[in-house]
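# Close look at the chain arrangement
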Amino acid sequence: MREQWGSQTGFILAAIGSAVGLGNIWRFAYVAGENGGGAFLLVYLVIVLTLGLPLVVAEIAIGKRSRVDGVTAFERLAPASPWRRVGWLGVAGSALILAYYSVIAGWALRYFSAAASGTLWDRPPGGFAASFRAFIAHPLEPLGWHLGMMAISMAIVVAGVARGIERSCLWLMPMLAFIVLLLAGFALTLPGSSGGVAFLFMPQWSAVFDPRVVLAAMGQAFFSIGLGMAVYITYGGYMKPEQRIVGSAAVIVAGDTCFAIVAGLAIFPAVFAMGGNPAAGAELAFITLPDIFLAMPGGKMLANAFFLLLSAAALTSMISLLEVPVAALMQRAGLRRRTAVLAVGGAALLGGVAPALGYGPLAWLNVTGAPLLEEVDHVVSNLVLPLAGLGLALFFGWVLPAGTARDLAGMRGLAWALLLWAIRWLAPVFIIGLMLFRLLAG
Ligand code: PHE
């Protein structure tokens, strides 16, 4: 008998756990910061609503009915079509993301451990920038923390869907919600914090129509929701028949978006209150924030909470990224869960070595001169995820007969007409258009 979620809440929290991760805290803050704050947020919200939500419905619908892994699901629904292979993109993509995501998650865990033990505050002469650069360039340390995060994820996924994944998310997710609300509440009371709120919510209208901002918003939306990586197919495959698709998708997408906004309300007001630079880029969480924490009353306690939040959010996403290829291996190669976890976790561990060392010993190993990890993240967010989303949209909208797709989603009337239109036309035109722009504009 195939594994199942113990409860609807368990499924929802596990899915939100997958969606809420480094993307909502570390990535959202710096991409929003670099792309004009409010303008970015506005475009982001429109994309989440018009593309994100419909595609999550499509993924859950595919998974719930076929009750198999992300590769087999497509094959079962369209055995004769060449499009049946589209699932490979998602499953391979998950394994790829897992490998480098774990490296950044390891940085977060290292910062949590250093904040909790107090060593983070022994500032070297060059400040937090120097200590962060020294840490990520170290030939061994980043590997150790990468191994640590991977080992914890593997231990949880080995325990199974209900006993491992669901149980850990049932207590981790409420804890995350509590911490992020606490941090935002605190940041908003700082004198000067209103600049951060304005930055996040007041759009600069010229930036709203800048294709670069739109592209960044789409990449961020796909990454943050975790679209096209077969997570919702796999997790949907463990649903009980009576669980609802559209309602679940709406809660998942809304939860992910609210979380990113509240995390933004924790970060930008603090950055503005302390005179930091909101467009500091990928270093915002590891260099700018520690400085801010150090200068703030009670900041050391808050730093513990922040890095715990970052590590735990990353963990629940890693669990889902691991489960996708594990489910595929179990189904297709007939492996036992334990063997599949060892195989995928081991491969991702090795795959993370080069990106982990790309700031130090392997700094020469890249294509454009940017560190390997950032190159891979760029390709994943702006190419692999949109392509997988496109494949999903074309499969659900065009390859499946409309009647079949409607049955899978269990929808009717206007809602279904709108959803089908978004998946058939809006998503493909939008994704292809933006990718062409990128190709031509460089
Ligand atoms: N959504 C996760 C985050 O925001 C990352 C992720 C991507 C998870 C793709 C699953 C699939 O951090």
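Not measured: the values here are computed from a predicted model.

A word on helix H5 (residues 87-117). The first and last C-alpha atoms of H5 sit 44 Å apart over 31 residues, in line with the 45 Å expected at 1.5 Å per residue. Most pronounced at Tyr101, the bend in H5 amounts to some 25°. The buried fraction of H5 is high, at 23 of 31 residues. Positive phi appears at Gly118, one or two residues downstream of H5, with a value of about 95°.

A word on the site of the ligand. Taken together, 15 residues are adjacent to the ligand, and Gly21, Gly23, Gly226, Met229 and Ser317 come closest. For the shell around the ligand, the secondary-structure elements that each account for two or more residues are helix H1 (8-19), helix H2 (22-34), helix H11 (211-225) and helix H15 (299-333). In terms of residue class, the shell around the ligand is made up of seven nonpolar, eight polar and no charged.

This part takes up the environment of Arg27. On the secondary structure map, Arg27 appears in helix H2. For the pair Arg27 and Ser224, spaced 197 residues apart in sequence, the C-alpha to C-alpha distance is 8.6 Å. If we ignore the near neighbours within four places in the chain, the residues touching Arg27 are Leu22, Gln220 and Phe223.

What follows concerns the confidence of the model for the chain. In the predicted model, the chain carries a mean pLDDT of 94, and 100% of its residues have values of at least 70. Both scores are given for the predicted complex: the pTM is 0.96, the ipTM 0.98.

Below, the discussion takes up helix H16 (residues 337-351). Compared with an ideal rise of 1.5 Å per residue, which puts 15 residues at 21 Å, H16 spans 21 Å between its outermost C-alpha atoms and is within 8% of the ideal. Taken as a whole, H16 has its buried residues at Ala340, Val341, Val344, Gly345, Ala348 and Leu349. With its buried residues spanning 155° around the axis, H16 presents them on a single face. Facing away from the buried side of H16 by over 90 degrees, the exposed positions are Gly346 and Leu350. Contacts from the buried residues of H16 go to H5, helix H7 (141-158) and H15.

This next bit is on unusual backbone geometry. Look at Arg67: it is not a glycine, yet its phi comes out positive at around 55°. Looking at the secondary structure, you find Arg67 in the loop between helix H3 (38-66) and helix H4 (72-77). A tally of 16 C-beta atoms within 10 Å means that Arg67 is categorised as partly exposed.

Below, the discussion takes up the packing of helix H18 (residues 372-399) against helix H20 (residues 413-441). For any two helices packed against each other, the geometry comes down to the angle between their axes and how far apart the axes lie. At a closest axis distance of 9 Å, the pairing of H18 and H20 adopts a crossing angle of 150°. In terms of orientation, H18 and H20 fall into the roughly antiparallel class. As H18 packs across H20, the resulting crossing turns out to be left-handed. Across from Asn382, Pro386, Gly389, Leu390, Ala393, Leu394, Phe396, Gly397 and Trp398 in H18, the residues of H20 making contact are Leu420, Ile423, Arg424, Ala427, Pro428, Ile431, Ile432, Met435 and Arg438.

At a minimum axis distance of 9 Å, the contact between H15 and H16 shows a crossing angle of 125°. Overall, the two elements H15 and H16 adopt an arrangement that is oblique. Classified by chirality, the crossing of H16 by H15 is right-handed. Counted together, Leu322, Pro325, Val326, Leu329 and Met330 of H15 and Arg337, Ala340, Val341, Ala343, Val344 and Gly345 of H16 form the full contact between these two elements.

Rules and cut-offs
- Residues numbered from 1 in each chain as written.
- Predicted model: local features only at pLDDT ≥ 70, side-chain atom pairs only at ≥ 80, totals over all residues.
- Helix = DSSP H or I, 4+ residues; strand = E, 2+ residues; numbered from the N terminus.
- Expected span 1.5 Å × (residues − 1).
- Bend = angle between axes of the 7 residues up to and from the residue.
- Buried ≥ 20, exposed ≤ 12 C-beta atoms within 10 Å, placed from the backbone.
- Near = placed C-beta within 6 Å.
- Nonpolar A, V, L, I, M, F, W, Y, C, P; charged D, E, K, R; others polar.
- Contact = placed C-beta atoms within 7 Å.
- pLDDT = per-residue confidence, 0-100.
- Arc of directions from axis to C-beta.
- Axes fitted to C-alpha atoms, helices over the stretch in contact; angles between N-to-C directions.
- Parallel < 35°, antiparallel > 145°, perpendicular 65-115°, else oblique.
- Left-handed = near helix turned anticlockwise from the far one by under 90°.

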